[in-house]
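Architecture at a glance
Listed here are the chains, written in short residue letters.
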Amino acid sequence: MMPSTTTETVRLTIDGATVTVPKGTLVIEAARRVGVMIPHFCYHPKLKPDANCRMCLVEIEKMPKLQTACSTPVDEGMSVRTATTVVNDAHKSVLEFILANHPLDCPVCDQGGKCDLQDFSHQYTATTSRFVETKRIFQKDYFSALIETQMNRCVQCLRCVRYCDEVMDVKALAPAGRGTMTEIKHFGPHPLDCEFCGGCVQICPVGAITSRLSMYEYRPWMLKRAETVCGYCGDGCQITVQTKDQELIEVNSAHGAGRNNGDLCARGFFGFHAASHPERLTHPLIRRNGALVQATWEDALEFVADQVGKIKAAHSGHSFGGLISGRCTNEELYLFQKFMRVTIGTNSIDSSARYGHLNGLQAMRRVQGTHRWTVSFDDIVAADVLLLVGTNITESNPITGLKVKEAVKQRGAALVTIEALEPAIDTISNIVNLSLHHFCVPATHMRDTILGLLKAVVEQNLVQPDLMQRQPAYVSAVTRALQQISWQDLQAVTGTDTAFFTDAAKVLAGGQRVVILAGQVLLRSERGYSGSLNLLDLLILTGKLDQPGCGFAPLAEENNDQGAVEMGAVAEFLPGPCDITSRADRDRLVTRWKEEPPPNGGASLVEMLDRAGAGILKAMLIVGENPVGSLPAQVRAEESLRKLDLLVCQELFLTETAALAHVVLPVASSMEKSGTFTNTEGHVQAVRPSIEPVGESRPDWEIFVALSILLGSPLEYAESKEILKEIRSLIPGYGSLGPAPVLPRVDRTAVDCYLGDGYQNDLTTRYRLDAPKSRPDGTVQLELVQSLFHSGKLSTRSKGLLQVEGSGVLRINPLDSARFALVDGDRVRLSNAHGEMTTKVKVVGRVPQGLAWFPDHFSQAATHLFDCVIDPVTHVPSIRTTSVSMMKVA
Amino acid sequence: MPKHELILLKNMMQPGYTGSLADYEKTGGYQALRKALGKIAPADVTATVKKSGLRGRGGAGFPTGVKWGFLPKDYQGPRYLCCNADESEPGTFKDRQLMERDPHQMLEGIVLACYAIDAESAYIYIRGEMVLGSKILERAIGEARTAGYIGKNILGTGVNVNVWVHRGAGAYICGEETALLESLEGKRGLPRVKPPFPATHGLYNKPTVVNNVETLANLPHILNRGAEWFAAIGSPPKSTGTRVFCVSGHVKQPGNYEVPMGITIRELVYEHAGGMRSDKPIKAFIPGGASAPFLTPDHLDVKLDFESVAAAGSMLGSGGVTVMEEGTSMVWAALRLMEFFYHESCGKCSPCREGSSWLVQTMRRIVAKRGQMQDLETLSDLCKNIAGRTVCAFGDAEVAPIMSTLKHWRQEYVTLIREAEAANLIMPEPVGAKH
Amino acid sequence: MLREKYKDEIEQILSRYSVKRSALIPLLYVAQRDQGYVTEAAMKEIAQILTLTPPQVYETITFYTMLNLKPVGKFHIQVCKSLMCALVGSDSLIGWIKTKLGIAPGESTADGNFTLSAVECLAACGTAPMMQINDDYYERLTEEKVDRILADLRSTGTSQLKSGPFMWPEAPKAQV
Ligand SMILES: Cc1cc2nc3c(=O)[nH]c(=O)nc-3n(C[C@H](O)[C@H](O)[C@H](O)COP(=O)(O)O)c2cc1C
Ligand code: SF4
Ligand code: FES
């Protein structure tokens with residue numbers, strides 16, 4: 001299906017006003033354009049018209065009956081009347097019907113004040129009802145611990161059911177029964193088990209489905225609202241946080257708002273309580289006689305400054321290291337690196353972008369000279385071919401996942417997937433169910449599968465002819481490398497035959513608007529960087545790289561991983577990001593900073609820990625990161641950190657790492673501060689406080705400012721806006737904060753350079769299959785995976801999400817469950833050379849055979865089992881996979 | 001003995017006729033297929049049907065050939081025929097007889113229709129309760145397949161038509177063609193918003209024709225004997241052919257009577273159905289199934305054709321004629337039908353869903369002598385507010401009994417309410433939803 | 001598991017449709033034949049066969065009167081109560097069955113043999129009053145005929161009084 005380039009338009013009149021709209025527009029939308037709001041319940045712009053409520057009836061000239069504006073497309077010359085007596089009477093009568101069985105319990109209904117039914121009733125109906133019969137009564141029900149239903153209030157518009165199906169592809173809600181007795185239910189006697197996106201709660205025009213996290217307490221007008229950005233994943237959803245004083249009451253997102261267009265996932269909708277968790281740190285802590293004790297800010301900061309000064313004097317700035325979370329704002333990330341580089345004098349800094357995001361980003365820089373996507377969410381929706389590689393998209397980037405679903409379900413895009421996922425229907429949508437060509441491969445063979453596609457491309461003559469002319473050396477080098485790979489070997493490692501590769505390659509090459517999404521399963525793997533490069537090769541060979549609507553889109557896991565790199569919060573990049581070794585960029589910086597950052601040689605995450613272990617690094621400032629809890633035993637994070645003379649942690653909670661610190665400084669969460677986040681597509685969005693900082697906590701940037709002053713090299717900013725101003729002076733236009741990201745274009749010089757000889761040095765290693773790993777009997781490949789219900793470990797402090805997923809459970813394939821004689825709820829012991837753990841199992845159809853998934857968010861007990869392999873170019877540690885033997889235990 | 005020629009019931013009226021393939025072939029069965037397939041161009045089959053004036057027997061009376069003509073000409077993918085054998089309209093029981101007694105007649109019609117519209121698959125959507133009917137159809141399809149009338153390369157003409165029986169599961173609304181399609185797709189039987197019509201977006205969104213059993217059963221005869229022959233029967237030009245009227249209620253000899261369109265209800269009752277059972281005069285009748293407004297003895301001489309019945313304020317509908325004798329309570333009768341409609345409202349549209357429950361409760365109250373005078377105005381208001389405001393024609397149908405009885409026998413309502421008032425029974429407090 | 005027990009039948013059903021979901025109602029009939037009603041396990045299994053979610057199967061079942069989510073009696077007596085049957089005595093017939101079996105519509109006998117329902121029109125208005133018991137229609141009912149039918153069902157599990165291929169009025173008898 002090709003999106004037409006020229007949109008035909010149609011002229012019509014609505015209540016006398018002439019309006020010109022694109023062909024195919026619905027009357028209800030055309031009316032909105034001229035400011036006429038036609039009352040409606042079942043219509044929602046996200047959903048296919050169902051025209052069931054009959055509320056939107058209008059008169060259309062030449063049509064004998066009233067028509068539903070929500071389902072009637074405009075026609076040239078159409079004349080619509082929305083306010084005649086006939087139409088008004090129709091609206092009144094439909095409302096009278098809808099109200100007949102409605103309990104009119106507005107005083108106790110949570111929708112009160114934001115209810116369509118209430119609003120229209122106010123507008124149209126008499127105060128007395130002619131309905132004197134018995135109202136039908138449904139029992140109050142709970143979809144789950146999080147959602148309450150009061151079906152007496154339901155107007156049976158089916159918006160919830162349709163949203164759950166059409167947008168989410170989850171299909172968890174069932175209109176049960178028929179006629180007036182139709183009741184929206186879930187399956188059987190079980191609690192609702194679904195993605196908990198909150199979409200049904202949000203889209204219900206009345207109070208039939210409500211969140212139990214915020215019930216019976218407040219009316220909308222009693223609440224304060226803040227428009228801000230969700231702090232969990234890289235999708236960067238715009239949310240409205242509603243508060244009463246310091247209490248977080250509710251989160252929602254309005255249709256049309258943000259890059260998420262009003263859609264949210266469980267984390268965004270139900271996960272907002274992490275900030276108000278009782279274990280939040282509210283006071284600075286200083287270690288005295290071995291124990292952390294409460295201190296004043298003054299004491300704590302002075303203590304830190306004092307120690308820093310001493311260590312710096314004795315060992316120079318190079319003996320310091322800094323680590324910061326990609327959950328901080330751009331302003332904080334920027335100031336952190338400036339503080340470390342200038343005030344302290346070290347380039348040894350890193351952020352959570354190191355865990356994988358840098359792999360995709362470095363690949364983009366090398367091949368196309370950008371550090372951002374050249375496509376946006378809108379291009380995903382408009383794509384005609386989409387390739388997903390190791391995205392686990394629903395769990396990792398649920399809203400990007402919705403864009404993919406929209407492209408496939410509503411616009412007929414062809415989807416090719418390379419995922420460690422089996423197609424299966426269960427309670428969470430599964431993107432590969434929508435796939436035209438699905439390659440089910442574990443992370444360890446994803447790159448091999450990409451190679452298979454590349455091989456099919458060159459062998460099927462799908463290489464763009466022009467490229468052959470312009471870059472014969474590149475094409476033939478790649479072709480030669482691919483010829484070294486045999487189809488037999490490919491089949492052996494991927495389990496897929498030649499024809500399947502060929503078909504998928506044809507689909508990719510045949511697309512006009514091709515977007516490739518790569519996710520954490522690939523990016524955080526050992527092959528994250530080289531696999532990304534190969535995907536870019538795929539775009540180049542098929543001639544898509546620089547085509548409009550085409551591009552490579554590596555997905556960021558944490559909300560501001562992209563910002564962390566752009567702000568220079570990693571060793572190798574200055575803000576921009578600019579290469580730390582680039583003279584021109586350094587000069588620009590110096591004019592601004594009036595100081596020169598240290599020349600080079602900054603250590604990255606694991607290197608810093610190694611240096612600490614070796615006694616070279618003496619002090620670390622760790623902001624919102626928890627290496628002890630996140631890194632495998634092999635890295636020896638705890639041992640190394642214990643050797644430091646000074647460990648300062650800025651934290652929300654007393655994590656495993658913070659517990660080792662000499663000083664712990666309580667910081668404000670993203671609900672409590674201002675700034676900006678940069679989402680995965682490079683869109684910079686404003687973060688606004690919804691509540692005051694909890695306890696004595698402060699925003700991280702204020703702490704850097706305070707320390708710099710005490711250290712005698714003041715970085716002075718009165719508010720975060722001033723930091724943004726400085727960022728803009730270095731990165732012109734940073735964060736124009738418009739409705740959509742400003743996309744970079746592929747840099748021709750960079751591409752030419754890559755195609756010239758830039759591709760060469762690692763070509764043979766990138767174009768080689770990984771040997772199939774033989775797995776001994778009794779073992780499984782253990783993988784740390786992202787869960788939809790959590791993001792990092794922060795969300796495990798959110799009571800709503802804990803109700804959905806409260807602990808780590810090992811997910812295994814049904815065939816493995818049979819092989820190991822396990823059923824849901826059994827306990828197993830996992831062990832390997834590094835150690836062992838026990839956990840409960842759950843049998844899940846989507847987990848491929850031979851794999852066992854453990855949620856990253858509850859991984860404390862599991863991390864020590866994992867291996868760590870570091871990419872030689874990007875220094876990304878791959879720590880998510882290991883082989884373990886599995887045994888049932890009592 | 002009928003004085004006119006039977007068409008559809010002719011075979012089965014012959015003593016000993018079993019409906020087997022052999023029996024059907026003996027009476028000239030499948031000759032139309034031999035005549036048409038590969039010999040008459042599909043477009044000409046459609047033209048013949050158009051010329052015959054055949055109109056749908058399922059209820060709406062839409063000209064069959066014209067409907068076929070709406071299918072996109074240049075569409076490449078599959079097309080479907082659905083035979084509407086849902087027969088759920090109260091008062092209607094002709095399709096059951098046509099299917100169970102002469103299944104090959106309708107199967108031949110199905111294959112002809114498929115040929116005309118270039119469909120290779122036909123589904124017979126039969127109401128779930130008719131288990132016997134579905135078995136008979138399955139057997140007949142088996143016979144026809146063995147004999148080469150159904151399946152691949154029919155009679156060596158290269159025409160392929162597969163026919164399957166698909167049983168419904170108890171929902172009147174699935175007789176409505178788009179609800180039928182939804183149900184056939186394995187979903188809840190909720191009517192679709194039209195346009196688009198099934199002709200372009202039908203089963204699986206593919207071009208589809210839905211035709212009633214009786215409509216299809218006429219096709220072999222039209223092809224065999226010509227459009228002119230058919231067009232001369234009944235009340236030409238608009239109501240051609242015969243109808244199988246299903247007579248029920250207070251008549252001596254209820255049953256299916258095939259007569260040319262245009263005879264009067266008086267003839268139907270007194271000359272075919274043996275007159276009234278207890279010789280009481282007719283008080284009311286429904287000419288076309290439960291969805292058709294009630295008529296009065298004043299209408300006994302209205303001709304039973306599409307136009308005349310419509311002019312009299314009702315509709316010919318499905319051909320279900322229910323006759324009520326003097327003494328029948330019309331309010332009670334309307335309530336009975338209202339209960340049916342309440343039970344069967346699919347619930348999609350607010351006016352129909354809520355209106356049906358409101359109407360049925362109000363009617364129950366009136367019949368139980370707890371009515372009030374203002375109920376009458378409410379009833380007629382509600383009816384007016386439902387009619388024409390719903391996705392499908394169910395909304396118009398459900399208000400027919402109340403609207404027409406209120407119109408012709410308002411006094412009966414008034415009497416019941418007066419009795420209520422006389423007994424000084426006041427309205428009970430409304431029992432609302434309690435919390 | 002249905003898939004093993006009715007393998008051929010299920011395959012045959014699936015082969016009829018180009019879109020799998022169409023096989024839903026036919027498969028539900030298979031499940032209902034097996035257990036007398038559609039069990040939760042059956043809903044899940046059918047969902048799996050058709051790649052639907054269980055709620056999609058469930059919502060469909062609840063729309064149709066013939067699909068049961070709870071067990072019904074061995075003989076499910078459904079008497080038509082619509083207008084056409086009511087005109088010729090279905091109400092008193094229901095009353096008769098009620099006293100015979102001691103159950104009201106919507107109830108089952110204690111031995112689980114009979115369930116009585118009053119239902120809407122079953123397309124046998126010309127041979128009213130009528131009832132359906134399991135797969136069979138019984139028409140032109142009288143109290144005496146109902147007694148015989150119930151007795152037959154109790155003793156033999158079936159009754160010769162059930163309808164054959166429907167035709168009314170009947171065709172003239174063949175001349176011998
Ligand atoms: C509520 C409703 C119920 C219907 N029930 C039936 C039915 O049981 N059988 C039938 O053939 N048509 C029924 N129809 C008519 C169908 O929608 C459709 O018009 C018909 O099947 C077309 O076939 P025909 O053109 O051959 O009549 C019904 C229509 C409505 C609105
Ligand atoms: S619960 Fe709400 S959204 Fe769902 S059908 Fe009812 S009114 Fe509509
Ligand atoms: S909004 Fe148009 S029918 Fe509901």
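As a convention, each chain's residues are numbered from 1 in the sequence order in which they are written. For naming, the first written chain is A and the first written ligand is 1, with later ones following in the order written. Since the coordinates come from a predicted model, pLDDT governs what is reported: local features require at least 70, and pairs of side-chain atoms require 80 or more to be given and counted, while whole-chain, interface and lining totals use all residues. Only hydrogens and water are removed before side-chain values are computed, so all heavy atoms of the structure are retained for them.

Helix and strand counts for chain A come out as 30 helices and 37 strands. Using C-alpha atoms as the atom set, the radius of gyration is obtained and then compared with a globule rule of 2.2 Å times the number of residues to the power 0.38. A globule of 890 residues ought to have a C-alpha radius of gyration of about 29 Å, and chain A, at 29 Å, matches this closely. Principal axes of the C-alpha set define a box for chain A whose edges measure 85 × 70 × 65 Å. Each residue is placed in one exposure class: buried if its accessible area under a 1.4 Å probe, protein chains only, is under 20% of its type's maximum, exposed if it is over 50%, and partly exposed if it falls in between. Buried positions account for 64% of the 890 residues belonging to chain A. Contacts are assigned to residue pairs that have any heavy atoms within 4.5 Å of one another. Of all intrachain contacts in chain A linking residues separated by at least 6 positions in sequence, the fraction that spans at least 24 positions is 73%. Each accessible area is a Shrake-Rupley estimate made with a 1.4 Å probe; only the visible protein chains count as cover when residues are assessed. As displayed, chain A offers around 31,400 Å² of accessible surface, 51% of which is attributable to carbon and sulfur atoms. The charge count treats Lys and Arg as positive and Asp and Glu as negative. His and the chain ends do not count. Where a charge lies is defined by one atom per residue type, namely NZ (Lys), CZ (Arg), CG (Asp) and CD (Glu). Looking at chain A, you have 88 positive and 98 negative side-chain charges, and the mean spots of the two groups are 2 Å apart. Numbering of helices and strands runs from the N terminus; a helix is a DSSP stretch of H or I covering at least four residues, while a strand is a stretch of E covering at least two.

Tallying the contact residues gives 48 residues for chain C and 69 residues for chain B. For the pair chain C and chain B, the two sides together bury roughly 4,800 Å², of which 60% comes from carbon and sulfur. Sorting the residues of chain C by area buried against chain B places C:Phe63, C:Leu87 and C:Phe166 first, and these three jointly supply 15% of that buried surface. The rule for a salt bridge is simple: a side-chain nitrogen of Lys or Arg has to be within 4 Å of a carboxyl oxygen of Asp or Glu. Counting the contacts that link chain C with chain B gives 3 salt bridges. Of the charged contacts, one joins C:Lys81 and B:Glu339 as a salt bridge, the two residues approaching to 3.3 Å between their closest N and O atoms. Side-chain atoms alone can form a polar contact between residues adjacent in sequence; in general such a contact is a pair of N or O atoms within 3.5 Å, and within protein one must be able to donate a hydrogen while the other accepts it. Where chain C meets chain B, there are 28 residue pairs in polar contact (both at pLDDT 80 or more). Where the side of chain C that touches chain B is concerned, the elements lending two or more residues are α3 (24–35), α5 (54–63) and α6 (83–87) of chain C. When the residues that make up the side of chain C that touches chain B are grouped by side-chain class, the tally is 29 nonpolar, 10 polar and 9 charged. Buried area: the accessible surface (1.4 Å probe) lost by two parts on joining, summed over both. Note that Gly is not counted as nonpolar here; it falls among the polar residues with everything else outside the nonpolar set of Ala, Val, Leu, Ile, Met, Phe, Trp, Tyr, Cys and Pro and the charged set of Asp, Glu, Lys and Arg.

Let us look at the environment of B:Met403. Residue and element names in this part refer to chain B. With respect to the element layout, Met403 can be found in helix α18 (residues 394–408). With relative accessibility at 33%, the residue Met403 sits in the partly exposed group. Through-space distance from the C-alpha of Met403 to that of Cys82 is 33 Å; in sequence the pair is 321 residues apart.

Moving on, we get to the sheet that holds strand β7 (residues 147–149) of chain A. Strand pairing follows a simple DSSP-based rule, namely that at least 2 bridges must link the two strands. Pairing is antiparallel across the open sheet formed by 3 strands, whose spatial order is β6-β7-β10 (chain A). With one partner strand each, in any of the chains shown, β6 (141–142) and β10 (209–211) of chain A form the two edges of the open sheet.

Before going further, it helps to spend a moment on the interface of chain A and chain B. The interface of chain A with chain B comprises 39 residues on the first partner and 39 residues on the second. Of the roughly 3,200 Å² buried between chain A and chain B on both sides combined, carbon and sulfur atoms contribute 53%. For chain A, the biggest contributors to the area lost against chain B are A:Phe97, A:Glu133 and A:Arg178; these three give 25% of the whole. The interface formed by chain A and chain B holds 4 salt bridges in total. With its nearest N and O atoms 2.8 Å apart, the salt bridge here joins A:Arg130 to B:Asp381. For the pair chain A and chain B, the number of links is 21 residue pairs in polar contact (both at pLDDT 80 or more). At the level of secondary structure, the elements contributing two or more residues to the side of chain A that touches chain B comprise α2 (85–100) and β8 (174–176) of chain A. Here the side of chain A that touches chain B gets 7 residues from one element, more than from any other, and that element is α2(A). Looking at the side of chain A that touches chain B residue by residue, the class counts come to 17 nonpolar, 12 polar and 10 charged.

Right, let's talk about the packing of aromatic side chains for a bit. When the centres of two rings from Phe, Tyr and Trp lie within 6.5 Å, Trp using its six-membered ring, the rings pair. Their planes under 30 degrees apart give stacked, over 60 give edge-to-face, and anything left gives tilted. As enumerated under the stated definition, the model contains 34 aromatic pairs over all chains in all. Seen from their ring centres, A:Phe336 and A:Phe704 are 5.7 Å apart, and the 55° between their planes marks the pair as tilted. Residue A:Phe336 is found in helix α8 (residues 330–344), and its partner A:Phe704 is found in helix α25 (residues 700–710); the two are separated by 368 residues along the sequence. With respect to class, A:Phe336 is no different from A:Phe704; both count as buried. Taken together through their ring pairs, the aromatic side chains of B:Tyr80, B:Tyr123, B:Trp164, B:Tyr204 and C:Tyr17 make up a single cluster. In this structure, A:Arg178 packs its charged tip against the face of C:Phe63, placed 5.6 Å from the ring centre. By definition here, charges over rings are those cases where NZ of Lys or CZ of Arg is within 6 Å of the ring centre and within 35 degrees of the ring normal. Residue placement shows B:Arg55 over the ring face of B:Phe306; its charged tip is 4.0 Å from the ring centre.

A regular strand places its side chains on the two faces of the sheet in alternate fashion. All names here are of chain B. Of all 6 residues making up strand β11 (residues 320–325), 6 are buried, and the element is well covered by its neighbours. Sheet analysis places strand β8 (residues 242–249) next to β11, joined by 4 bridges and oriented parallel. Of the residues in β11, the one forming a bridge with Val247 is Val321. In terms of strand pairing, strand β10 (residues 282–286) meets β11 through 4 bridges, oriented antiparallel. Directly across from Ala284, in β11, lies its bridge partner Met324.

As a further point, take the site of ligand 1. Residue and element names in this part refer to chain B. Close to ligand 1 lie 18 residues, the nearest being Gly58, Lys67, Asn84, Asn212 and Thr215. Interatomic distance of 3.3 Å between a backbone N/O atom of Gly175 and a nitrogen atom of ligand 1. Between Asn211 and ligand 1, the recorded distance is 3.1 Å, taken from a side-chain N or O atom to an oxygen atom. By residue number, the principal contributor to the shell around ligand 1 is strand β5 (residues 208–212), which donates 3 residues. Working definition: residue near molecule or strand if any one of its non-hydrogen atoms lies within 4 Å of it.

Looking now at the pattern of salt bridges. Opposite charge on two side chains lets them pair, provided their charged atoms get close. A complete count under the given rule lists 89 salt bridges over all chains for this structure. In this structure, A:Arg766 and A:Asp537 form a salt bridge, with 2.9 Å as the shortest nitrogen-oxygen distance. One end of the pair, A:Arg766, is in helix α28 (residues 763–766); the other, A:Asp537, is in helix α19 (residues 528–541), with 229 residues separating them in the sequence. Accessibility classification places A:Arg766 together with A:Asp537 in one group, the buried group. With its nearest N and O atoms 2.7 Å apart, the salt bridge here joins C:Glu139 to B:Arg96. Within this pair, whereas C:Glu139 is found in the loop between β4 (136–138) and α8 (143–156), its partner B:Arg96 is found in helix α6 (residues 94–101), the two belonging to separate chains. In this structure C:Glu139 comes out as buried when scored by relative accessible area, which is 6%. Through salt bridges with shared partners, one network takes in B:Arg57, B:Lys94, B:Asp95, B:Glu214 and B:Arg243.

So, on to the site of ligand 2. Taken together, 14 residues form the shell around ligand 2, and within it A:Cys154, A:Cys157, A:Leu158, A:Cys160 and A:Cys204 come nearest. When grouped by side-chain class, the residues that make up the shell around ligand 2 number 12 nonpolar, 1 polar and 1 charged.

Below, the discussion takes up the domain arrangement of chain B. The parts lose accessible area when they come together, and the size of an interface is often stated as this lost area. All names here are of chain B. Its domain assignment divides chain B into domain 1 (11–232), domain 2 (239–325) and domain 3 (330–422). A separation of 26 Å is found between the C-alpha centroids of domain 1 and domain 2. Every contact between the two is made by 20 residues of domain 1 and, on the other side, 23 residues of domain 2. Each partner contributes to the roughly 1,500 Å² buried at the junction of domain 1 and domain 2, and carbon and sulfur atoms together form 50% of this total. The largest per-residue losses of area from domain 1 upon contact with domain 2 belong to Arg55, Arg57 and Phe93, which jointly make up 32% of the total buried on that side. There are 2 salt bridges connecting domain 1 and domain 2. Between Glu214 and Arg243 there is a salt bridge, and its shortest N-O distance comes to 4.0 Å. For the pair domain 1 and domain 2, the number of links is 14 residue pairs in polar contact (both at pLDDT 80 or more). Of all the secondary structure elements, the ones that give two or more residues to the side of domain 1 that touches domain 2 are α6 and α12 (227–231). For every domain, the bounds stem from an assignment made automatically or drawn from a database.

For the rest of this paragraph, the subject is the packing of helix α15 (residues 330–344) of chain B against α18(B). Residues and elements named next belong to chain B. To get an axis, fit a line to the C-alpha atoms, keeping to the stretch in contact for a helix; angles then go from 0 to 180 degrees between the N-to-C directions. Two elements in contact, α15 and α18, have axes separated by 8 Å at closest approach and are oriented at 165°. In terms of axis orientation, α15 runs roughly antiparallel to α18. In terms of crossing hand, the pair formed by α15 and α18 is left-handed. Along its contact with α15, which presents Met330, Ala334, Leu337, Met338, Phe341 and Glu344, the element α18 presents Phe394, Ala397, Glu398, Pro401, Ile402 and Thr405. Taken together, the residues of the contact of α15 with α18 sort by class into 9 nonpolar, 1 polar and 2 charged. Every angle not falling under 35 degrees, over 145, or within 65 to 115 is termed oblique; those three ranges are roughly parallel, roughly antiparallel and roughly perpendicular. Handedness of a crossing follows from how the near helix is turned relative to the far one, being left-handed for an anticlockwise turn of less than a right angle and right-handed for a clockwise one.

The next point concerns helix α13 (residues 265–272) of chain B. Residues and elements named next belong to chain B. Those residues of α13 lying buried are Ile265, Leu268, Val269 and His272. Along the axis of α13, the buried positions cluster into a sector of 115°, meaning they face one direction only. Looking at the packing, one finds that the buried side of α13 touches β8, β9 (255–260), β10 and β11. The first or second residue beyond α13 is Gly274, which carries a positive phi of 75°. This arc describes the spread of directions from the helix axis toward the C-beta atoms.

What follows deals with the side chain of A:Lys405. All names here are of chain A. On the secondary structure map, Lys405 appears in helix α12 (residues 398–410). Comment: no salt bridge for buried Lys405; closest opposite-charge side chain is Glu195, at 4.0 Å. At a separation of 2.7 Å, a polar atom in the side chain of Lys405 contacts the main-chain carbonyl oxygen of Met168.

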